Structures are given as C-alpha cells and as structure tokens.
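Read off the chains here:
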Amino acid sequence: MSYKLEMLQAYFGYRGFLPGQERAVDALLEGRDVLSIMPTGAGKSLCFQLPAIMLPGVALVISPLISLMKDQVGSLVQAGIPAAYLNRSLTERQYALALERAWQGRYKIIYVAPERLESPGFLRFAQQAQISMVAVDEAHCVSQWGTDFRPSYLKIPAFLDSLPKRPALGAFTATATPEVREDILQKLSLQDPVTTTTGFDRKNLYFEVRHPQNRKDELLSILLRRQNESGVVYCSTRKAVEEVCAFLQAHGVAATRYHAGLSPEERQANQDAFATDECPVMVATNAFGMGIDKSNVRYVVHYNMPLDLEGYYQEAGRAGRDGSPADCILLYSGRDVITNRYLIDQSQAPEGVEEEALSALRQRQMDRLKTMTFYATTNDCLRHFILRYFGEEPPSPSCGHCSNCTEGWEDVDITKEARAILSAVDECGGRFGVTTIADLLCGRENERTLRWDLDRRRSFGLLSHRKVEQVKAQIRHLVDQGYLALSDGDYPVLSQGPRARELSAGSTQVTMRMKAGQSRTARRER
Ligand code: ADP
Ligand code: ZN
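Attention in this report is confined to the structure presented alongside it. (Residues numbered from 1 in each chain as written. Chains lettered and ligands numbered in written order. Predicted model: local features only at pLDDT ≥ 70, side-chain atom pairs only at ≥ 80, totals over all residues.)

1. Let's talk about the overall build of the protein chain
Operational definition: Where helices and strands are cited, they refer to DSSP runs of H or I of at least four residues and of E of at least two residues respectively, numbered from the N terminus. Three exposure classes are used, based on other C-beta atoms lying within 10 Å of a residue's own C-beta, which is placed from the backbone: buried for 20 or more, exposed for 12 or fewer, and partly exposed in between. Two residues qualify as a contact pair if the distance between their C-beta atoms, derived from the backbone, is within 7 Å.
When you go through the protein chain residue by residue, the secondary structure sums to 22 helices and 17 strands. Scored against the burial criterion, the 526 residues of the protein chain give a buried share of 39%. When contacts within the protein chain are restricted to residue pairs at least 6 apart in sequence, those whose partners lie at least 24 apart make up 72%.

Structural data, given as structure tokens:
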C-alpha cells in the first residue's frame, strides 16, 4: 500500500479516495496550486487535510465560519492530528497560548479567519514558520458576485506575497458558477492551478416543483405521505418558520424549528432533537445547515423560493447524503418573486462593498433571482437546468428523474394565443412588461390596466377565457422561442422578437409543452 493510502487509513479510516480527492491531494503534495469545485458533502476537507499531515511544516486553512472551524478542528484532534484555530471566539489568553504552541511547531494544521491575516502577531509567526501550504475553504467568498462575499478574502494574495516563500495555494468551494470560478482564479491569483470538479449531479435526488394554491395544505400532504421519514422544510423568514412549525405540530407532525432568532440553547436542543430523530421534521431558515451532517434526510421541501439557485441547490442537497433516494421539492408562488425583490432592494451593502458597487451587486442578485424563477417555471428537465447553471454539460437528453421528466406532458398548439399576445405587444409599443400585458389580454380591470387606459385597447380581453398565470407562462415561452423580446433592467418590457415576423406572416405554428392536466383544461376552455 502506498504511503498516501496508509496515511488516509491511519488518520481518517478511509480505504480509498472519493472522486476528485486524489488529484487535488497529489497536486498539493507536488506543491502546485489547486482549484477544487465539489458539491457539499463530496469530501472537500480531506483534500487539504491529508497533504497537510504529509507535508513538512504547518498548513494554514482560511475559513469564514467559526462554527465550521470548531467542528473540523475538533474532529482532527480526535483523530490524533495536532490542529488549532485562531479566531475571535478565543479569549486573549487562549489566543496567545495557541500562537505560542504554533511557534513551538506543535501543529500540523491551523485554521484561521481571514481577518487574522492582517494581525501583526499572526503575521510575525507566519513569516517565520515553515508553511507547508495554504488552503482557502469556501473560496467563493472572494467573489463580489458570489453569495457570501467576504472582503478580507481579497487580502489573501498580499498575505502570500509577504511570506519569504510562497506556499502552494488550494482553493475549495461548492458553489461556483463559471463567472464566480473565473473570479476565484483572478482574485486569489492562483498560479497555473490544477482544476478539479467532481460533478454536481446527485443522481439519487429527485427534483420537483409544485405551484400549489394553498401552500400549507400542500406541505401537509407531502409530509403525511412521508411519515417516519426525516426531512427539512426551509422557509424564507423567521416568521414563516414559526407559523409553519406551529401548523405542522397542530396537525400531529413531530416538527421542530431553527432560526437565528432563537436562543443558542433552544437551537442546540432542537438540532439535537432532529439529529436523533426525536423530531424527524425540521422547519428552518437558511441559518440551518452549515455544519449539520445528517445522512438520512429523505426530503427537503422549500416552502418559499430562495433567492438564487446556488442557495437552493446547497440546501436541497442536504437530502440524501447517504446516497439513497431522496426528494427535493420546491413550492413556488408568484408572491415569492415579489418578496425576494423586496429583500434584495432592502439589503444592506455587505461590509467592504463600496456604494458604487452596490447597484451592480443588486443587479447581479436580481439576475440570479430571475434564474431561480426560471427554474421554478421551466418545463424542461430540472436537473439539466441546474447542471447547465453550474457550467456542466448534462449527459443525456433528459434525466427521467425530476417532475418535469416524469409527469405527463403534451405539446399544445398555442398559435392563436401567440398571435393575440403579439398583437397586444405591438399595440402597446414596447411599454409594458409580462404582468401588464397578461392583465390586458385577460381583460382584468385593475389599477395597472386602468391607469394606462388599457381597457380601451383592441386587445383588451382577447384571452379573457384564460388564467393570467397561463398567459404569463405563454408569454415567457414566446420570449424563450424568440417571438418576443424582454429588455433588461428593473422594469423589463416586452417588444417584438427576431422571429415575430414568422408569426405575423402566418408561416409558423407555435407549440408549448404543458402538463397533461393543464392542457386538458386549456382545451376544455376553448
Ligand atoms: P464537504 O466539506 O465537501 O461538504 P466533508 O469534507 O464534510 O464534505 O465530507 C463529507 C463526508 O464524506 C464526511 O462525512 C466524510 O467523513 C466523508 N468522506 C470524506 N472523504 C472520504 C473518503 N475518502 N472515503 C469515505 N468517506 C469520506
Ligand atoms: Zn429531468
């Protein structure tokens, strides 16, 4: 057995590597930079912990979360690996003691918060010590375009340059769209890195989107069909967590709750109740998750639509970590989009983001929200949608294991509707967005349509036999197909698309995939 495998077994008790681990380990052992992109639960930590043990000197791991550092250092020490962390959770004395031990060369791995890289005491140590390598955990924090920007991550290259000899640098992340990936390469100044991706596909997860009339009832029916199974219900606000948890308990579901507004004691107690399956259902905000490692979670339901697909996939991915089948169900309502837009508008600038950069940042967040909304409303394979978003080419034409692949679909001829929609857009001269045009076509007399005298337009009520949601879906489909165009910006407006002429020339037939149930009602209404 090779020395590497011996160490793997001796310290971690594993017989072999998981996909992607060995390449990252080898590269770091050779002193090369690494960019490693692995979904949550794929075994990132080992990629830097094993080389840290094998290389002479001490490895630094830069990590943004105090709780994560504690967990990881705790399990390293238990495994007999001398490790410590340096962050602001330590008292002055504890910190001084840890640093003293570090000076004595007692540690193989030291976890540091990025802010520490500038503290004189730590710098003095780092410049004298033999640093074997530096690992940056949650490397997407370096990107302003990512979801958890940490300005102090930008100081990492300067820190490396200040060392007598630049050690190998490994960057690790679970969430990297191509644009964030590029940002990590640049901002961390990675030098000719070995790049490894494990693949984001989690084959045991079934993805499903539902558009329920009544969310609470829908949730209850989902849970009642999964009694005795463990699951997480994510809500977007603390208030929703309280409500949903109380509602479930009132209906006899053994649910508990978790959000940042609870006392540390209650959070711990509830997390334990969930971990031991005393309460198999956890209702929580996204504060719940970092650091939990429960393998038998059989389903994750999102009661509200999250802000972006990165967040969604990370949270949904907490299901089925044991590799057995599990369900990821998103409950979508148009109201989520409005709430999320509001949340983005109201959000404070993250520390270190200049005022000028803020509007660009918000724009990115709005774009990500748009993508999330497309996921919730697409008729295409959900798994493909996710994988393409993360820059992966999905393998086969469709996955066969998501609600869009398994539910019955029919191609419905919507040419007539398409002409009506186009005529409304033409009549209004590119001034309105999807909602207003849909209201106009459905003949809705509301504040929006009346303010603009839309009830006097020829196209008013042309599709009054249709539901507004349905017309909106058709409009989005026409945008997808290039018959209509949707402008960018805060108030996207509709105009003719490049293919509009085909439609007005009467030379084309427009079809749209609809769920079998929906298309039946569509036909009955005709
Ligand atoms: P990540 O940081 O990517 O979310 P972790 O490093 O926490 O993932 O590892 C996820 C799980 O995989 C852990 O339970 C860990 O014990 C396990 N694991 C890691 N490497 C191996 C390996 N080589 N063989 C078996 N299990 C492993
Ligand atoms: Zn699919």
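2. Focus: the site of ligand 1
Note the following rule: Any residue whose C-beta atom, as placed from the backbone, lies within 6 Å of a molecule or strand is termed near it. Three categories are distinguished: nonpolar for Ala, Val, Leu, Ile, Met, Phe, Trp, Tyr, Cys and Pro, charged for Asp, Glu, Lys and Arg, and polar for the others, with Gly belonging to the last.
Inspection of the region around ligand 1 gives 13 residues, with Tyr14, Gly43, Lys44, Ser45 and Leu46 positioned closest. In terms of residue count, the dominant contributor to the shell around ligand 1 is helix α3 (residues 44-54) (three residues). Its residues assigned to classes, the shell around ligand 1 comprises six nonpolar, five polar and two charged.

3. A look at the nonpolar core
Convention followed: A set of buried residues drawn from Ala, Val, Leu, Ile, Met, Phe, Trp, Tyr and Cys, joined through C-beta atoms within 7 Å, is what defines a nonpolar core.
Core analysis: the largest hydrophobic core is formed by 58 residues, its most contacted members being Ala59, Ile109, Ile110, Val134, Val136, Ala171 and Leu188. Not counting residues within four places of it along the chain, the set of residues in contact with alanine 171 comprises Val34, Leu35, Ser36, Val136, Ala139, Ile184, Leu188 and Leu190. Core analysis: the next-biggest nonpolar cluster, separate from the first, contains 53 residues, Leu205, Cys245, Ile329 and Leu331 among them.

4. Side note on helix α10 (residues 238-250)
We apply this condition: In this scheme, a helix's expected span is set at 1.5 Å multiplied by one less than its residue total. What the arc covers is the set of directions going from the helix axis to the C-beta atoms.
With 13 residues, α10 should cover 18 Å at 1.5 Å per step; its first-to-last C-alpha distance of 18 Å lies within 8% of that length. Among all positions of α10, only Val241, Val244, Cys245 and Leu248 are buried. Across the axial projection of α10, the buried residues extend over an arc of 100°, all falling on one side. Seen from the buried face of α10, the exposed residues on the opposite side, beyond 90 degrees, are Lys239 and Ala250. Taken together, the buried residues of α10 touch α9 (215-224), β9 (230-234), β10 (255-258) and β11 (281-284). Among the residues trailing α10, glycine 252 stands out with phi positive, at a value near 80°.

5. Side note on unusual backbone geometry
Trans is the prevailing form of peptide bonds, just as negative phi is the prevailing case for residues other than glycine. Positive phi outside glycine occurs at aspartate 277, with the angle close to 65°. When the 14 C-beta atoms within 10 Å are taken as the criterion, aspartate 277 is described as partly exposed. Residue aspartate 453 is not a glycine yet carries a positive backbone phi of 55°. In this structure, aspartate 453 sits in the loop between α19 (447-451) and α20 (468-480).

6. Re α20
For α20, with 13 residues, the first-to-last C-alpha span of 18 Å sits near the 18 Å given by 1.5 Å per residue. Of the positions making up α20, those classed as buried are Val471, Lys472, Ala473, Gln474, Ile475, Arg476, His477 and Leu478. Immediately beyond the C-terminal end of α20, within one or two residues, lies glycine 482, with a positive phi of roughly 85°.

7. Observations regarding the sheet that holds strand β2 (residues 58-62)
To be explicit about the condition: Any two strands between which DSSP finds at least two bridges are classified as paired. Throughout, an axis means a line fitted to C-alpha atoms (over the contacting stretch in the case of helices), and angles, computed between N-to-C directions, take values from 0 to 180 degrees.
As summarised here, the arrangement of the seven strands in space is β3-β4-β2-β5-β6-β1-β7, forming an open sheet in which the pairing is parallel. The sheet is open, and its two borders are formed by β3 (83-86) and β7 (194-197), each paired with just one other strand. Pairwise comparison of adjacent strand axes, ignoring direction, gives a mean angle of 15° for this sheet. As paired elements, β2 and strand β5 (residues 131-136) share five bridges and run parallel to each other. Note on β5: the bridge partner recorded for valine 58 is isoleucine 131.

8. Here we look at the packing of helix α2 (residues 21-29) against α3
Threshold: By convention, the crossing between two helices is left-handed when the near helix turns anticlockwise from the far helix through less than a right angle, and right-handed when the turn is clockwise.
Look at α2 against α3: their axes get within 9 Å of each other, and the N-to-C directions meet at 35°. Between α2 and α3 the crossing geometry is right-handed. In this structure, α2 contributes Gln21, Ala24, Val25, Leu28 and Leu29 to the contact, and α3 contributes Leu46, Cys47, Phe48, Leu50, Pro51 and Met54. Among the residues forming the contact of α2 with α3, the class breakdown is ten nonpolar, one polar and no charged.

9. Regarding the packing of helix α17 (residues 415-427) against α20
Heads up, the rule is: For classification purposes, an angle smaller than 35 degrees is called roughly parallel, one larger than 145 roughly antiparallel, one from 65 to 115 roughly perpendicular, and anything else oblique.
The geometry of α17 relative to α20 is characterised by a closest axis approach of 10 Å and an angle of 85° between their N-to-C directions. By the criterion of interaxial angle, the relationship of α17 to α20 is roughly perpendicular. The segment α17 lies against α20, with Glu417, Ala418 and Ile421 engaging Gln474, Ile475 and Leu478. Broken down by class, the residue content of the contact of α17 with α20 amounts to four nonpolar, one polar and one charged.

10. Considerations on the sheet that holds β9
As summarised here, the arrangement of the six strands in space is β8-β13-β12-β9-β11-β10, forming an open sheet in which the pairing is parallel. On the outer flanks of this sheet lie β8 (205-210) and β10, each paired with one strand and no other. For this sheet, the mean inter-axis angle between neighbouring strands, taken without regard to orientation, is 20°. By the bridge criterion, six bridges tie β8 to strand β13 (residues 326-331) in an arrangement that is parallel. For phenylalanine 207, the partnering residue across the bridge sits in β13 and is cysteine 328. Packing of α9 onto the sheet brings it into contact with β8, β9, β11, β12 (297-302) and β13, and relative to β13 it is tilted by some 170°.

11. Notes on the environment of isoleucine 222
Examined against the element boundaries, isoleucine 222 turns out to sit in helix α9. In this structure isoleucine 222 comes out as partly exposed when scored by C-beta crowding, with 19 C-beta atoms within 10 Å. Distance from isoleucine 222 to isoleucine 329, taken between C-alpha atoms, is 9.2 Å for residues 107 residues apart in sequence. In this structure, isoleucine 222 is in contact with Val301 and Ile329, ignoring residues within four places of it in sequence.

These figures come from the coordinates and say nothing about function on their own.
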